[in-house]
Structures are given as C-alpha cells and as structure tokens.
Amino acid sequence: MAAHTIKLAVAVTCTLLLAAACSGLEVGYYKKSCPRVETIVREEVKKFVYKNAGIGAGLIRLLFHDCFVEGCDGSVLLDPTPANPAPEKLSPPNFPSLRGFEVIDAAKDAVEKACPDVVSCADIVAFAARDAAYFLSRMRVKINMPAGRFDGRHSNSSDALDNLPPPFFNVTELVDIFATKGLDAEDMVVLSGAHTVGRSHCSSFVPDRLAVASDIDGGFAGLLRRRCPANPTTAHDPTVNQDVVTPNAFDNQYYKNVIAHKVLFTSDAALLTSPATAKMVSDNANIPGWWEDRFKKAFVKMAAVDVKNGYQGEIRKNCRVVN
Ligand code: HEM
Ligand SMILES: *[C@@H]1O[C@H](CO)[C@@H](O)[C@H](O)[C@H]1NC(C)=O
Ligand SMILES: *[C@@H]1O[C@H](CO)[C@@H](O)[C@H](O)[C@H]1NC(C)=O
C-alpha cells in the first residue's frame, strides 16, 4: 500500500473509532514500566475523598480544566515562576476555585518512589479524576482510563479564559466550545452532569441568576439568597452546593434538578432550551443507568483531547514545575 493510502486508511479508521483509540493512549499503558501506578493513585485519592468529598469534585473538575486548555497535559498544575508569573492556575476560571492539587502532589510523590521518571502528571490527573468519580458514585462509575499522555511545558492564564466555558454561556455557545475540542452536544450534556457534586462560589451565578430575572425555581432562589450576598466580592464570596438534593453523590440527580429549575448556572438551565439537549436531559434523568454509561464514554473522550506525545511533551519530575 502506498504511504498516502495508509495515511488515509488511518484517518478513516480514526473517524470511526473513539478518539482515545487514535490519540495513542492505551489502557494499561504502564503495565510494564510501573505496574502499581493505578493502585497507588487510587489509594491516595481514597484517603483524601473519604476525608472531604469536595476534593473529589475538585479532581473531576481538574481534568476538565486541564484538557480544555492546551489539551490534557498537566499544564493546569504549573505554579507561577518569575519567567511565567501568570500560568493557567491563576486564571479567573481556576483561581481561587480549583482544588485537589495536593492530591496530585501526594500521588506523584508516591508514584515517583515506586517508579521514578516514568509516569506523567497528566496521566495522574486523569487517573485521579477517574478514581474520584468511582468513589463518589459508590463504585457505580467504573472507567478503564487509557494513559500515555505527556506533560506540557506551556501554561498561560489567557488560554484558560479563552478555552473554558463561563457559567453564563447559552446552549449554542456551549455546543460550539465543546465542538472545538472534538466533543459533541451529547458529550456536553453528559459531562455537565458532573455538576451533581461539589460546590460553587456565589460570584459564579449571582449576577445572571439571582440579581436579574431568570428561570430559577423561586424556593431555590430564596435559599441561595440567604446564603449569598447580593454583590459577592473577592473578600466575601461564600460557596453553596451544586446539587441541593444529593450534594456528594455522583449520580443523575443533576438532570432532575435541571428539569426542576434547581440548578446554579445559566449553562445548566440552558440544556432545556434546545429540543435536542432537552431530550437528552430527560433521558439522563429518567432512564436508570443511561447517564452513567454515557458519562464513562464521554469522560474518556474528554481525557483524550489534544494529548501530547513524547516529542511534544515530557515526564515532569515535580507536577508544579517544568523539568
Ligand atoms: C458545560 C460547561 C461548564 C461550565 C460553564 C462550568 C462552570 C462551572 C463553574 C462556574 C463552577 C463553580 C466554580 C466556583 O465558583 O467555585 C463549576 C464547578 C464544577 N464543575 Fe463545571 N462547568 C462546566 C462543565 C463541567 C464539566 C465538563 C465538568 C467535568 C466533567 C465539570 C465539573 C465541575 C465540578 C465537579 C465542579 C465542582 C468543583 C468543586 O466543588 O470544587 N464542569 N463548573
Ligand atoms: C500569554 O498569552 C498572552 C496573549 O496571547 C500574551 O500576550 C502573553 O505574552 C503570553 N505570556 C507568556 C508568558 O507567554
Ligand atoms: C447565544 O449567544 C450568542 C452570542 O451572544 C447569540 O448569538 C445566540 O443567538 C445565542 N443563542 C441562544 C440559543 O440564545
């Protein structure tokens, strides 16, 4: 077969298969080089999540914020330096709300002791997010997470602002920004279900949900107004649970909340505003196991966005600094 024919065959195969199959990632990637890595990460995640379920929510969000900015390459983990004073980590979508960094540090330390210089920080983020979903779902969301990501050397605050959806986005804007990452409308709806755990700062929803007329449920709005100042500031910005019914359970309650208009963000409520996404919301809310099945696939797909290979990235020694 001529080279161009082979390339075409690969391209065609790739459009037919899951993104992960073509990203070069594979399940059991460290089987020979670091056989205990997934067990080690899971043990660390377990310790933190059983102490504070919110950290599990933070880890699930951490993977999303890593993958949408520069691909899943651990760029969100990099600390500021004199040469790079404004990395992704300090960008408004991430600071001060993003959490779970200490879990990644603990996991990386433990992994380096077992197999130095072999496992990327990007893969640890993906394993940790997978494990957080596993524990918070009471072992119902079980994912085989492909690995083989390399760590990026570039992290710029403005990229986070440009690539992460803000909470005031409408359904077209949400579909469009997910499409830029190779994720479709159903992936977007299914992944939004992660708002079934964790919290939000008042500043993320007060301006467009409570300060002006919105479709939010009256009783729920009243509860939020008692917890949130009318004008949240950096100095006074309390947090509330995302899911008022089962705040720490990774389940499909989120979709029931969307239907009941008891969700925090414009972006959550927006899922009801197109017939196609509204149908998905109702299926996820009503059909047992439907959401969990789809979430597993969409999460693996998200975890493969723009991953770097060994030429484009490195295996960082310390997840907070480039080598
Ligand atoms: C669809 C577009 C999305 C928007 C507009 C959005 C926006 C937000 C915002 C504003 C917060 C609250 C931050 C704060 O103020 O503390 C948040 C929290 C959260 N998001 Fe999203 N998000 C989206 C999609 C996702 C996806 C795809 C995931 C993961 C699969 C995710 C997982 C989470 C989790 C778990 C939390 C709680 C974090 C914690 O408790 O620390 N979100 N999101
Ligand atoms: C970050 O991106 C902005 C906007 O593209 C650019 O002006 C700035 O120089 C970048 N910073 C670094 C350290 O690369
Ligand atoms: C969403 O917002 C964009 C930009 O503001 C606008 O052009 C579009 O019509 C809006 N779509 C919906 C469904 O409201």
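Here is what the cut-offs are and how they apply
Residues numbered from 1 in each chain as written. Chains lettered and ligands numbered in written order. Predicted model: local features only at pLDDT ≥ 70, side-chain atom pairs only at ≥ 80, totals over all residues. Heavy atoms only, no water. Core = buried A, V, L, I, M, F, W, Y, C linked by side-chain atoms within 4.5 Å. Buried < 20%, exposed > 50% of the residue type's maximum accessible area, 1.4 Å probe, protein only. Domains from an automatic or database assignment. Contact = heavy atoms within 4.5 Å. Near = heavy atom within 4 Å. Polar contact = N/O pair within 3.5 Å; in protein donor to acceptor, adjacent residues only side chain to side chain. Areas by Shrake-Rupley, 256 points an atom, 1.4 Å probe, with all protein chains shown as cover. UniProt positions renumbered as here; feature names shortened; annotations may be inferred. Helix = DSSP H or I, 4+ residues; strand = E, 2+ residues; numbered from the N terminus. Lys, Arg positive; Asp, Glu negative; His and termini not counted. Salt bridge = Lys/Arg side-chain N within 4 Å of Asp/Glu carboxyl O.

Engineer: It is not clear to me how the nonpolar core should be interpreted in this structure. Could you clarify?
Structural biologist: If you look at soluble globular proteins, the nonpolar side chains tend to sit buried side by side. Judged by nonpolar contacts, the single largest core of 81 residues is most densely connected at Phe250 and Phe299. Three or more residues apiece are contributed to this core by two domains, here domain 1 (20–165) and domain 2 (171–298). Setting aside chain neighbours within four positions, we find Phe299 in contact with Ile60, Leu63, Ala129, Arg130, Ile143, Met145 and Leu191. If you look at the next biggest cluster of nonpolar residues, it comprises 12 residues, including Ile216, Phe220, Cys228 and Phe265.

Engineer: Is there a simple way to explain the site of ligand 3 in this structure?
Structural biologist: Ligand 3 sits among Asn170, Thr172 and Glu173. Within the side chain of Asn170, a nitrogen or oxygen atom sits 2.3 Å from an oxygen atom of ligand 3. Note that a nitrogen atom of ligand 3 is positioned 2.8 Å from one of the side-chain N or O atoms of Thr172. Within the complex, 31% of the 360 Å² of free accessible area of ligand 3 lies under protein.

Engineer: For this particular structure, what's the right way to read the site of ligand 2?
Structural biologist: The environment of ligand 2 is formed by Asn84, Asn156 and Ser158. Contacts to ligand 2 include Ser158, whose side-chain N or O atom sits 3.1 Å from an oxygen atom. Burial of ligand 2 by the surrounding chains reaches 31%, relative to a free accessible area of 360 Å².

Engineer: Help me understand the UniProt feature "binding site: Ca(2+) 1" (unreviewed entry) in the protein in this model?
Structural biologist: In the numbering adopted here, UniProt assigns the feature "binding site: Ca(2+) 1" (unreviewed entry) to Asp66, Val69, Gly71, Asp73, Ser75 and Glu88. Considering the C-alpha atoms alone, the annotated residues occupy 23 residues of sequence yet fold into one spot, their largest mutual distance being 12.3 Å. Note that Val69 resides in the loop between helix 4 (53–67) and helix 5 (101–114). By relative accessible area, Val69 is classed as buried at 0%. Once residues within four sequence positions are removed from consideration, Val69 is found in contact with Ser75, Glu88, Asp159, Ala160, Asn163 and Leu164. Within the secondary structure layout, Glu88 lies in the loop between helix 4 and helix 5. At 3.4 Å, the side chain of Glu88 forms a polar contact with the backbone nitrogen of Val76.

Engineer: Please clarify how the side chain of Asp251 should be interpreted in this entry.
Structural biologist: Among the secondary structure elements, Asp251 is positioned in the loop between strand 2 (239–241) and helix 12 (253–259). For the buried residue Asp251, which engages in no salt bridge, the nearest side chain bearing the opposite charge is Lys256, 7.2 Å off. Here Asp251 is in contact with Thr196, Asp243, Thr246, Trp291 and Glu292, once residues within four sequence places are set aside.

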